[in-house]
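# Structural characterization, general
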Amino acid sequence: KATDSELIGKLASLQQSRRKLMESLMSGADGAGQDTASLRKAIAQLEAELSQGVRRFGVARESLETEVAEVANAIPEEAVLIEYIRYRKYSAPGRFLSHYGAIVLTCEGAPKFVPLAEAAAIEASLAAYAASVRSAISDEEMTALLVQIREQIWDPLQEELPAPGKPILISPDGVLNFFSFVTLLC
């Protein structure tokens, strides 16, 4: 709702960059390649600039300053929120590897962090899935691929999941934004 042309332009650039990243990843581009890295960097920069711009112009954005307790209070009873994150994990002096993890939160209790696989492995599996969806592979191959993805992004969370039939809220990050979680074979 801002009327500032600079903010409006940055928002349009952010939307365009996100669309380009999605199209690139869905067409099978290397998730760790130079083009996608450049788009991710541009998106992060635009998000940071927009965040500062929103504050600078006094636009009410309480979500920018939300506390964990506020999020927990919004989660329905017996439900679980799974917040997937892509992060850089320290592996040796001066060396970091991108990984995925999940923060699991219920309406009561503290958030729990569950480490997942390296980002490269998950992103390779999701790229293979995206390519497979657009091709004619056998049911057995698709099943094996979906089991592999499940083992990477879902199985490590089993201890934190609610009873069957209870709600699960999923907030994906990175290429997980372009994956349909309902296709996981559980």
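First things first, this report covers the structure right here in the doc.

Rules of the game
- Residues numbered from 1 in each chain as written.
- Predicted model: local features only at pLDDT ≥ 70, side-chain atom pairs only at ≥ 80, totals over all residues.
- Heavy atoms only, no water.
- Phe/Tyr/Trp six-rings, centres within 6.5 Å; stacked < 30°, edge-to-face > 60°.
- Helix = DSSP H or I, 4+ residues; strand = E, 2+ residues; numbered from the N terminus.
- Axes fitted to C-alpha atoms, helices over the stretch in contact; angles between N-to-C directions.
- Parallel < 35°, antiparallel > 145°, perpendicular 65-115°, else oblique.
- Left-handed = near helix turned anticlockwise from the far one by under 90°.
- Contact = heavy atoms within 4.5 Å.
- Nonpolar A, V, L, I, M, F, W, Y, C, P; charged D, E, K, R; others polar.
- Buried < 20%, exposed > 50% of the residue type's maximum accessible area, 1.4 Å probe, protein only.
- Polar contact = N/O pair within 3.5 Å; in protein donor to acceptor, adjacent residues only side chain to side chain.
- Salt bridge = Lys/Arg side-chain N within 4 Å of Asp/Glu carboxyl O.

Time to look at the packing of aromatic side chains. All told, the structure shown has 4 aromatic pairs when counted by the stated rule. The interplanar angle of 35° and the centroid separation of 5.4 Å between the aromatic rings of Tyr84 and Phe181 together place this pair among those described as tilted. Of the two residues, Tyr84 is situated in strand β1 (residues 80–92) and Phe181 in the segment after β4 (168–171); the sequence distance between them amounts to 97 residues. Between Tyr129 and Phe179, the aromatic rings sit 5.1 Å apart at their centres with planes inclined by 70°, giving edge-to-face as the arrangement.

It is the contact of helix α4 (residues 119–133) with helix α5 (residues 139–153), at a shortest axis distance of 10 Å, that shows an interaxial angle of 150°. Comparing their axes, α5 and α4 come out roughly antiparallel. The handedness of the crossing between α4 and α5 comes out as left-handed. For the pair α4 and α5, the contacting residues are Ala121, Ile122, Ser125, Leu126, Ala128, Tyr129, Ser132 and Val133 in the first and Met142, Leu145, Leu146, Gln148, Ile149, Gln152 and Ile153 in the second. Partitioned by chemical class, the residues of the contact of α4 with α5 number 11 nonpolar, 4 polar and no charged.

Okay, the environment of Leu81 next. With respect to the element layout, Leu81 can be found in strand β1. Classification of Leu81 as buried rests on a relative accessible area of 15%. With sequence-adjacent residues up to four places away left out, Leu81 is seen in contact with Val71, Ile75, Ile103, Val104, Leu105, Leu169 and Ser171.

With that out of the way, let us pick up the side chain of Ser132. Inspection of the secondary structure assignment puts Ser132 in helix α4. For Ser132, a relative accessible area of 11% gives the class buried. Here Ala128 takes part through its backbone oxygen, which lies 2.7 Å from a polar atom of the side chain of Ser132. In this structure, Ser132 is in contact with Ile137, Met142 and Leu145, ignoring residues within four places of it in sequence.

Quick look at the pattern of salt bridges now. For the coordinates displayed, the defined rule picks out 7 salt bridges. For Glu47, the salt bridge is made with Arg18, and the minimal N-O distance between the two is 2.4 Å. Taken as a pair, Glu47 in helix α2 (residues 34–56) and Arg18 in helix α1 (residues 5–26) lie far apart in primary sequence, 29 residues in all. For Arg18, a relative accessible area of 40% gives the class partly exposed. For Lys112, the salt bridge goes to Glu160, with nearest N and O atoms at 3.3 Å.

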